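Examination of the molecular architecture
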Amino acid sequence: MGIPKKTKFLRDAEKISSNLSHRSTILFNMGKYHAAVAAGNKRYANIDEAKNRAANIKQHALKNLSKYLVEFESNHIKNGGNVLWASNSHEALTHIKQILTQHNVTTVVKSKSMTTEEIELNEELEKIGIASIETDLGEYIVQLAGEKPYHIVTPAMHKSKQDVADLFHDKFGVSKDLTAEELTAVAGENLRKKYIEAGAGITGANFIVPDLGGIAVSENEGNAIMSTAFPNIHIAIVGIEKVIPSYKDLALFWPHLSQHGTGQAITVYNSIFTGPKKQDELHGPEHMYVILLDNGRTNLYANPSIGIALSCIRCGACLNACPIYINVGGYTYNTTYQGPIGTVITPYLRYFDDFVHLNSACSLCGKCSTVCPVQIPLHSLILHNRQEAVRLKSVSFWERFFIKLFRIGASKHTRIDSVGGGVKNMFFLLLGSKVWGAKRTFPQFAKKSFRSQYLKKDKKNSL
Ligand code: SF4
């Protein structure tokens, strides 16, 4: 048993927030993102209206989730594909391993997918001797470095160009002075062979499109297209919440996702995969499998106060807006989904007690809710989770004890005035710092309260 997740979070947050090199890389990369988004926002005639519409469409899709999922399943099967359902990581992994062993696959190429991170696919495939190669440049970099994605959209955001050059020098012996373009070419050259060797391509999906029986995938490098075009098998692992009602909604969602994800007018490649290759088609996989993953999503769905978080289109905008994320970085969360959205959903996707502490790492500034393209009120959901933590007694004994004592003391003037400022300051120092961290500066109580000073003055004046 390792250290508690909350203790680890506090320890890692303290360490990384004072790392100036990390901060300068993040601020540099975030700066580019914010400039692109600010410029891109001007492309909208009415951005609030677009957000409103996107939010309504997603909420409608979620309200009719079972109908749309069944429609998708039926149409995808008509297209020649296979649909498998997985209620948790174990079931999803069992499906994938069965497909790969049945087709004697020893190497897979993967395009960027947070659901595969969620089920720890690479690690599990490695255990049974199947090599899983990341083909998205950012994912490829973190895989080479033996790391996890740092950010849901830009996995290697924490690495500078020089960090990548040093990594490629160590792994491939190339010069440390290569430019960003040359480094990209090195990765492209290495990956090209892998697409041809691989027996299967694995992707996630940005949207489930029921009326076409297809999944929509957006990407900038063409690696998802190559991962699905060369290998004989395409497996897509998709969270059940990714549903939109119709392909017609992509006209809104494709540019909306790219604008909020990267500031681009539209992502470079947007594909809809509806099934395996048809008889008269030359290219494409012989078999396509879509695995619809629950993995805790129905816990969110069943909770009317928090279910709206399932509208998320994983654009990453709330991470980029969050002052906590910028300071503590992606790895400190110790979760697949970081930042405000990860803070909200992870306690329900995994164990509530293990991850609810993330909700305390929030200043409630509300910037995440403001930037969200589907209007998820993230900061209100964070507040809701804090209330749940109290209700379910998931907060520590000391915190409950401190708040109880404070409530008893502060609820009556006579009680709070019965002790001097020194005792009150001592109380906050001893208990408050134990609960809220030793580094917090507490407000100082005056030696005598305003009320007692006023009463004394009043008495003097009346003499
Ligand atoms: S919660 Fe909203 S802003 Fe955050 S990743 Fe999801 S869609 Fe984007």
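Predicted, not measured: the structure shown is a model, and the values here were computed from it. (Residues numbered from 1 in each chain as written. Predicted model: local features only at pLDDT ≥ 70, side-chain atom pairs only at ≥ 80, totals over all residues.)

Moving on to the overall build of the protein chain. For the protein chain, the helix and strand inventory stands at 23 helices and nine strands. Counting only C-alpha atoms and orienting by the principal axes, one finds that the protein chain spans roughly 105 × 55 × 50 Å. (Helix = DSSP H or I, 4+ residues; strand = E, 2+ residues; numbered from the N terminus.)

Moving on, we come to helix α16 (residues 339-349). Of all eleven residues in α16, eleven are buried, a share of seventy percent or more. The complete set of buried residues in α16 reads G339, P340, I341, G342, T343, V344, I345, T346, P347, Y348 and L349. In the core, the buried residues of α16 are packed alongside α13 (297-301), α14 (317-321), α15 (323-328), α17 (352-355), α18 (367-371) and α19 (378-391). (Buried ≥ 20, exposed ≤ 12 C-beta atoms within 10 Å, placed from the backbone. Contact = placed C-beta atoms within 7 Å.)

As a further point, take the nonpolar core. The biggest cluster of nonpolar side chains holds 79 residues, and the ones touching the most others in it are I215, V238, I291 and C318. The element contributing the most residues to this core is strand β9 (residues 287-293), with six residues. The residues touching V238, leaving out its near neighbours within four places in the chain, are T115, G204, A205, I208, I215, V290, I291, L292 and L293. Of all hydrophobic cores here, the second largest spans twelve residues; its members include V142, V164, A165 and A187. (Core = buried A, V, L, I, M, F, W, Y, C linked by C-beta atoms within 7 Å.)

Strand order in the open sheet formed by six strands is β1-β9-β7-β4-β2-β3, and the pairing between neighbours is parallel. Among the strands making up the open sheet, the edge pair consists of β1 (82-86) and β3 (131-134). Along the sheet, successive strands turn relative to each other by an average axial angle of 20°, direction set aside. Note that β1 and β9 share five bridges and pair parallel. From the neighbouring strand, N82 faces β9, where its bridge partner is Y289. (Pairing = 2+ DSSP bridges. Axes fitted to C-alpha atoms, helices over the stretch in contact; angles between N-to-C directions.)

Around the ligand, the structure places 15 residues, and the nearest of them are C312, C315, C318, I341 and C372. In terms of residue class, the shell around the ligand is made up of twelve nonpolar, two polar and one charged. (Near = placed C-beta within 6 Å. Nonpolar A, V, L, I, M, F, W, Y, C, P; charged D, E, K, R; others polar.)

The parts lose accessible area when they come together, and the size of an interface is often stated as this lost area. According to the domain assignment, the protein chain contains domain 1 (43-295), domain 2 (309-391) and domain 3 (397-462). For domain 2 and domain 3, the distance between their C-alpha centroids amounts to 32 Å. (Domains from an automatic or database assignment.)

Attention now moves to the environment of P255. By the element assignment, P255 lies in helix α12 (residues 250-261). Sequence-wise, P255 and C365 are 110 residues apart; in three dimensions their C-alpha atoms are separated by 27 Å.

Sheet analysis places strand β2 (residues 107-110) next to β3, joined by four bridges and oriented parallel. Looking at the pairing, V108 lines up with S132 of β3.

What follows deals with the environment of T154. Mapped onto the fold, T154 is located in the loop between α8 (137-144) and α9 (161-172). By C-beta crowding, T154 is classed as buried, having 21 other C-beta atoms within 10 Å.

A few words on the sheet that holds strand β6 (residues 214-219). In space, the three strands of this open sheet follow the order β5-β6-β8, with antiparallel pairing throughout. Since the sheet does not close on itself, it has two edges, and those belong to β5 (207-209) and β8 (269-273), each with one partner. Across the sheet, the mean angle separating the axes of adjacent strands is 25° when strand polarity is ignored. Relative to β8, β6 is paired through five bridges, and the arrangement is antiparallel. Directly across from S218, in β8, lies its bridge partner N270. On the sheet, α12 packs against β5, β6 and β8 and is oriented at approximately 30° with respect to β6.

Our focus in this paragraph is the packing of helix α20 (residues 397-410) against helix α22 (residues 421-436). With their axes 9 Å apart at the nearest point, α20 and α22 run at an angle of 140° to one another. When the axes of α20 and α22 are compared, the pair comes out oblique. Crossing handedness for the pair α20 and α22: left-handed. In contact with W398, E399 and F402 of α20, α22 contributes L431, G432, K434 and V435. (Parallel < 35°, antiparallel > 145°, perpendicular 65-115°, else oblique. Left-handed = near helix turned anticlockwise from the far one by under 90°.)

Turning to the packing of α9 against helix α10 (residues 180-197), a few remarks are in order. Orientation of α9 relative to α10, taken along the N-to-C sense of each, is 40°, at an axis distance of 10 Å. In terms of their interaxial angle, α9 and α10 are classed as oblique. Of the two possible hands of crossing, α9 and α10 adopt the one that is left-handed. Of α10, the residues touching α9 (which contributes K161, V164, A165, F168 and F172) are A180, L183 and V186. Classifying every residue of the contact of α9 with α10 gives seven nonpolar, no polar and one charged.

Here we take up α12. Taking 1.5 Å as the rise per residue, α12 with twelve residues should run 16 Å; its terminal C-alpha atoms sit 15 Å apart, in good agreement. Looking at α12, one finds that the buried residues are L250, F253, H256, L257, S258, Q259, H260 and G261. Against α2 (20-41), α3 (47-63), β5, β6 and α14 lie the buried residues of α12. At the exit of α12 stands G263, carrying a positive phi of roughly 85°. (Expected span 1.5 Å × (residues − 1).)

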